[in-house]
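Examining the three-dimensional arrangement
Next come the chains, spelled out residue by residue.
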Amino acid sequence: FQWSVFVCVIFGIIFRIWNIAQNDFVFYDEGLYLNHNRLIGQIFTVYFPKSLSEFGKALYAYISSCLASGKSLWFAIADSRIFFGLFRTWFYARIMASIFGCTTLLMAYRFAKRWYGSRAVAALSITILALLPSHVFYSRIGMQEALSTFLVLCGLYFYIFSREYNWRSFLSGAIFAACFFSNYRLIILPVPIV
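Residues numbered from 1 in each chain as written. Predicted model: local features only at pLDDT ≥ 70, side-chain atom pairs only at ≥ 80, totals over all residues. Heavy atoms only, no water.

1. What to know about the overall build of the protein chain
Scanning the protein chain from N- to C-terminus turns up 11 helices and zero strands. Along the protein chain, helices (α) and strands (β) appear in the sequence α-α-α-α-α-α-α-α-α-α-α when read from the amino end. The principal-axis extent of the C-alpha atoms belonging to the protein chain is close to 55 × 40 × 30 Å. Counting across all 194 residues of the protein chain, residues that qualify as buried make up 40%. (Helix = DSSP H or I, 4+ residues; strand = E, 2+ residues; numbered from the N terminus. Buried < 20%, exposed > 50% of the residue type's maximum accessible area, 1.4 Å probe, protein only.)

2. A word on the pattern of salt bridges
Per the stated rule, a full pass over the model turns up one salt bridge. The partner of Asp-79 in a salt bridge is Arg-81, with the nearest N and O atoms 3.3 Å apart. With respect to class, Asp-79 is no different from Arg-81; both count as buried. (Salt bridge = Lys/Arg side-chain N within 4 Å of Asp/Glu carboxyl O.)

3. Structural notes on the packing of helix α5 (residues 72-79) against helix α6 (residues 92-116)
Packed helices, taken two at a time, are described by the angle between their axes plus the distance between the axes. The geometry of α5 relative to α6 is characterised by a closest axis approach of 8 Å and an angle of 115° between their N-to-C directions. Crossing hand, α5 versus α6: right-handed. Between α5 and α6, the contacting residues are Trp-74, Ile-77 and Ala-78 on the first element and Tyr-92, Ala-93, Met-96, Ala-97 and Phe-100 on the second. Residue composition of the contact of α5 with α6, by class: eight nonpolar, no polar and no charged. (Axes fitted to C-alpha atoms, helices over the stretch in contact; angles between N-to-C directions. Left-handed = near helix turned anticlockwise from the far one by under 90°. Contact = heavy atoms within 4.5 Å. Nonpolar A, V, L, I, M, F, W, Y, C, P; charged D, E, K, R; others polar.)

4. Thoughts on helix α9 (residues 145-160)
Across its 16 residues, α9 extends 22 Å between first and last C-alpha, which sits within 8% of the 22 Å expected from 1.5 Å per residue. Residues of α9 that are buried: Ala-146, Leu-147, Ser-148, Phe-150, Leu-151, Val-152, Leu-153, Cys-154, Gly-155, Tyr-157 and Phe-158. Elements that come into contact with the buried residues of α9 comprise α5, α6, α8 (133-140) and α10 (167-182). (Expected span 1.5 Å × (residues − 1).)

5. What about the nonpolar core?
Grouped together as the largest cluster of nonpolar side chains are 34 residues, with contacts concentrated most on Trp-74, Phe-100, Leu-151 and Cys-179. At the level of secondary structure, the elements contributing two or more residues to this core comprise α1 (2-17), α5, α6, α7 (119-131), α9 and α10. When neighbours within four sequence positions are excluded, Phe-100 is seen to be in contact with Ile-77, Ala-146, Leu-147 and Phe-150. One finds Ile-40, Ala-58, Tyr-62 and Phe-87 within the second-largest nonpolar core, a separate group that totals nine residues. (Core = buried A, V, L, I, M, F, W, Y, C linked by side-chain atoms within 4.5 Å.)

6. Structural notes on the packing of α6 against α7
The geometry of α6 relative to α7 is characterised by a closest axis approach of 8 Å and an angle of 150° between their N-to-C directions. Taken together, the axis directions place α6 and α7 in an arrangement best described as roughly antiparallel. For the pair α6 and α7, the crossing hand works out as right-handed. Contact residues: α6 offers Thr-104, Leu-105, Leu-106, Ala-108, Tyr-109, Ala-112, Lys-113 and Tyr-116, while α7 offers Arg-119, Val-121, Ala-122, Ala-123, Ser-125, Ile-126, Leu-129 and Ala-130. (Parallel < 35°, antiparallel > 145°, perpendicular 65-115°, else oblique.)

7. Topic: the environment of Ala-174
As for its position among the elements, Ala-174 is in helix α10. Distance in space between the C-alpha atoms of Ala-174 and Phe-44 is 30 Å, their sequence separation being 130 residues.

8. Section: a nonpolar patch on the surface
Together, Trp-3, Phe-6, Val-7, Ile-10, Phe-11, Ile-14, Phe-15, Trp-18 and Leu-131 make up a nonpolar patch on the protein surface, roughly 950 Å² of accessible area in all. Summarising the element assignment, Val-7 is placed in helix α1. Residue Val-7 is classed as partly exposed on the basis of its relative accessible area of 38%. (Patch = residues over 30% accessible without salt bridge, like charges linked within 9 Å, V, L, I, M, F, W, Y side chains within 5 Å. Areas by Shrake-Rupley, 256 points an atom, 1.4 Å probe, with all protein chains shown as cover.)

9. Brief notes about unusual backbone geometry
Of note in this structure, Asn-19 is not a glycine but carries a positive phi near 55°. Tracing the backbone shows Asn-19 in the loop between α1 and α2 (28-35). Asn-19 sits in the partly exposed class, given a relative accessible area of 45%.

Printed below as a string of structure tokens:
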């Protein structure tokens, strides 16, 4: 059973990263995200900040630009490539989505193990999620769904498994706030939490 789970999870990770660097888009939104801070990216490419003061001003402009959208956290992550000199790396958003998709597998295992108190159930849940076509698909495209799923699962984990009102309660609140900033549609999130 353990080897089967291990093989399935490895295949799930391979599905999420296989040929991720090809330059094609599935949805219009992927190109929109890459084009969001294009002007700032072009400015950074030509005039990269040379001092801490210039970097602070550029970071302020960057964060202000990201906060002007309904998916500001995702825009900040997808556009962070400009700080690493990867402005023309068109698959950067897909790599970030793939990373969050893979870390969701780990978080799903921890959550299921804690919720059901069984490693077998946790292994089965991670196997199903690793091979679930919709999760693989959304972990491969440059959209915020993988990040949103990861954040919701992390927020629930720290909220549900906090034995008393402590630092985990505050952490879950911060993560749930990050959920909203990753996707404006998650404004509905307090309803299922309650």
